[in-house]
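Each chain, written out:
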Amino acid sequence: MMTPLLSPATLLVHGGITRSQFAETAEALFLTSGFVYDSAEQAAATFAGTVEHYQYSRFGNPTIAMLEARLAALEGAEACRATASGMAAVHAALLCQLKAGDRVVASRALFGSCHWIVSTLLPRYGIRTEFVDCADLDAWREALIEPAQLVLLETPSNPMLEIIDLAAVAGLAHRAGALVVVDNVFATPLLQKPLALGADIVVYSATKHLDGQGRVLGGAVLGTKSWIENTLQPFIRNTGPALSPFNAWVLIKGMETLALRVQAASAVAARIADFLTGRTEVEQVWYPFRADHPQEQLARAQMKGGGTVVSFAVVGGRSAAFATLDALRLIAISNNLGDTKSLATHPATTTHMRIGEAERARLGITESVIRLSVGLEDPGDLEADLEQALAAGRLAHAAD
Ligand SMILES: *Cc1c(COP(=O)(O)O)cnc(C)c1O
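Quick summary incoming for the structure in this document.

Analysis parameters
Residues numbered from 1 in each chain as written. Predicted model: local features only at pLDDT ≥ 70, side-chain atom pairs only at ≥ 80, totals over all residues. Heavy atoms only, no water. Salt bridge = Lys/Arg side-chain N within 4 Å of Asp/Glu carboxyl O. Helix = DSSP H or I, 4+ residues; strand = E, 2+ residues; numbered from the N terminus. Buried < 20%, exposed > 50% of the residue type's maximum accessible area, 1.4 Å probe, protein only. Disulfide = S-S within 2.5 Å. Pairing = 2+ DSSP bridges. Axes fitted to C-alpha atoms, helices over the stretch in contact; angles between N-to-C directions. Contact = heavy atoms within 4.5 Å. Polar contact = N/O pair within 3.5 Å; in protein donor to acceptor, adjacent residues only side chain to side chain. Phe/Tyr/Trp six-rings, centres within 6.5 Å; stacked < 30°, edge-to-face > 60°. 1 Å grid on protein atoms, 1.4 Å probe; cavity = no way out; pocket = protein on both sides within 12 Å on 5 of 7 lines; lining within 4 Å. Points joined across faces, edges and corners; volume = space filled by probe spheres on them. Nonpolar A, V, L, I, M, F, W, Y, C, P; charged D, E, K, R; others polar. Domains from an automatic or database assignment. Lys, Arg positive; Asp, Glu negative; His and termini not counted.

1. Examining the pattern of salt bridges
Here comes step 1: Throughout the structure, instances matching the rule amount to 23 salt bridges.
Here comes step 2: Between R81 and E68 there is a salt bridge, with its nearest N and O atoms 3.9 Å apart. A residue pair is termed long-range when its members are at least 10 positions apart, and R81 in strand 1 (residues 79-83) and E68 in helix 3 (residues 62-75) qualify at 13 residues. Note on accessibility: R81 and E68 belong to one class, buried.
Here comes step 3: A salt bridge links R290 to D274, with the nearest nitrogen and oxygen atoms 2.6 Å apart. Note that R290 is positioned in the loop between strand 8 (282-286) and helix 12 (296-302) and D274 in helix 11 (residues 258-276), a separation of 16 residues in sequence.
Here comes step 4: Residue classification places D274 among the partly exposed residues on the basis of a relative accessible area of 44%.
Here comes step 5: Three or more residues joined by partner-sharing salt bridges are found here, namely E27, R70, K253 and E256.

So this is what it looks like as structure tokens:
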């Protein structure tokens, strides 16, 4: 790990570099599945663990190792393992340590596939699971009176941007005997440091801001050296959710501009949240750092910025929301986020379609809600696009 005295912007460019014998400037892409040995003796010693040597890219690879070291340095974590996708990271972080009879407590507002793992997959293996409303600290307290082995949460939540008090929930979880796993995708490693607030494990979908340019899938799990090496690594090594070295290389190069991109997009997201607020076509706006966010103070206490996502509800329900989305010219309709291109989606019929109507109602994901992931376009151009699209949505509503 690099010295923590270097600032995040510097670590994002230099963290984790290992140069080959050719002394290349840019990080090398080792697109190889295997490695060769000087002798049978060396191969045997490598497998016995007495010599350090790469064996096979499912276990480790020099390009992937650079990504892992850079992310660990940025996060302030002892160790990191990269995976093929964010879901592979979440799945591995949970299944590497859970067993029949265990109990998991999770925040209700989870990314759709994380919700499926907790509600559907884990119970198949005899793991008891329970969901808690994010912002309700009393509900967390009550759920964690009974012992638990793991707490999984996401803050800010997708798409309603609810905030969970990380330090408070980590304290309750530890008293219940649970490790705390935080899905830190929305905040990015720059805006929120879950480990410093008491979390034990952080997971990322690197597909989002780390690549940030809509190219590759990837994921990462970060934690202590002993947990990563003794608990996670055997699971990953033997089940194979390995990241491609090519994708690792794309992510390394994506990270070089992460600080610039997250700062710029967050500033524009905050501006767009202000722009949307109070418009006649807009019922409500959610953005963590706005004074009208019910948890603004908590957001400001545990995050360095409000993030790159704004959610808002249009007047007129699904037809107005669809008409607004369909009228967008610059902003694309897409369920991805954290891209340089601004992307908008209708969570109720896309990302959160499968969780069902009752669960959506509990989370406040109505048919009026649009989630906007802000990119790097000129803010004036984005506002002009939103303005004409909202006008189209209003007309569609008037015609209903
Ligand atoms: C996208 C996302 C995931 C899943 O990541 P993939 O790379 O798509 O597998 C998990 N959690 C959150 C919060 C996400 O936004």
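2. Description of the state of the cysteines
Here comes step 1: Applying the stated criterion to the full structure yields 0 disulfides.
Here comes step 2: Of all cysteine sulfurs, the one in C96 lies closest to C80, which takes part in no disulfide; the gap is 14 Å.
Here comes step 3: When its relative accessible area of 4% is taken as the criterion, C80 is described as buried.
Here comes step 4: C114 takes part in no disulfide bond, and the closest cysteine sulfur, belonging to C134, lies 12 Å away.

3. Regarding the sheet that holds strand 3 (residues 128-132)
Here comes step 1: If you trace the 7 strands from one edge of the open sheet to the other, you get 1-7-6-5-4-2-3, paired in mixed fashion. Each edge of the open sheet carries a strand with a single partner, namely strand 1 and strand 3. Going across the sheet, the axis of each strand differs from the next one's by a mean of 20 degrees, ignoring polarity.
Here comes step 2: As defined by bridge partners, strand 6 (residues 201-205) adjoins strand 7 (residues 219-223) across 4 bridges and the pair is classed as antiparallel. When the sheet's bridge partners are listed, V202 is paired in strand 7 with L222.
Here comes step 3: Set on the sheet, helix 4 (residues 86-95) makes contact with strand 1, strand 4 (150-154), strand 5 (179-183), strand 6 and strand 7; between it and strand 6 the angle comes to about 155 degrees.

4. What about helix 10 (residues 245-255)?
Helical periodicity: at 3.6 residues per turn, an α-helix aligns residues three or four positions apart in one direction.
Here comes step 1: Counting buried positions along helix 10 yields 8 of 11 residues, so the element is predominantly enclosed.
Here comes step 2: For helix 10, every residue scored as buried is listed here: P245, N247, A248, V250, L251, I252, G254 and M255.
Here comes step 3: Next to the buried residues of helix 10 lie helix 1 (8-14), helix 3 and helix 11.
Here comes step 4: The N-terminus of helix 10 is capped by S244, whose side-chain oxygen sits 3.0 Å from the backbone nitrogen of F246.

5. Focus on the pairing of strand 6
Here comes step 1: Across the 5 residues that make up strand 6, a large majority, 5, are buried.
Here comes step 2: Both faces of strand 6 are covered, namely the face carrying I201, V203 and S205 and the face carrying V202 and Y204.

6. Things to note about the packing of aromatic side chains
Here comes step 1: Under the definition given, this model contains 3 aromatic pairs.
Here comes step 2: Aromatic pair F246 and W249: ring centres 6.2 Å apart, planes at 35 degrees, arrangement tilted. Linking F246 with W249, this pair stays in helix 10, spanning 3 residues, or about one helical turn.

7. Comments concerning the layout of surface pockets
Here comes step 1: Taken as a whole, the largest pocket holds about 1,100 Å³ of empty space.
Here comes step 2: Considering the residues around the largest pocket, the lining is formed by 37 residues, among which E52, Y54, F59, E68 and R81 are closest to the centre.
Here comes step 3: Elements with a minimum of two residues in the lining of the largest pocket: helix 3, strand 1 and helix 9 (225-239).
Here comes step 4: Of the residues in the lining of the largest pocket, the class split is 18 nonpolar, 11 polar and 8 charged.
Here comes step 5: Computed from the structure, the second largest pocket encloses a volume of approximately 400 Å³.
Here comes step 6: Split by domain, the lining of the second largest pocket shows at least three residues from each of two domains, domain 1 (8-255) and domain 2 (258-399).

8. Description of the side chain of E24
Here comes step 1: Tracing the backbone through its elements, the reader meets E24 in the loop between helix 1 and helix 2 (40-48).
Here comes step 2: Buried and unpaired, E24 has no salt bridge, with R19 as the nearest side chain of opposite charge at 5.7 Å.
Here comes step 3: In terms of polar contacts, E24 uses its side chain to reach the side chain of S20, at 2.7 Å.
Here comes step 4: When neighbours within four sequence positions are excluded, E24 is seen to be in contact with T18 and R19.

9. Some words on helix 4
Here comes step 1: Burial of helix 4 is extensive: 8 of the 10 residues sit out of reach of the surface.
Here comes step 2: Those residues of helix 4 that fall on the buried side of the exposure criterion are G86, A88, A89, V90, A92, A93, L94 and L95.
Here comes step 3: The N-capping residue of helix 4, defined by a side-chain oxygen 3.4 Å from the backbone nitrogen of M87, is S85.

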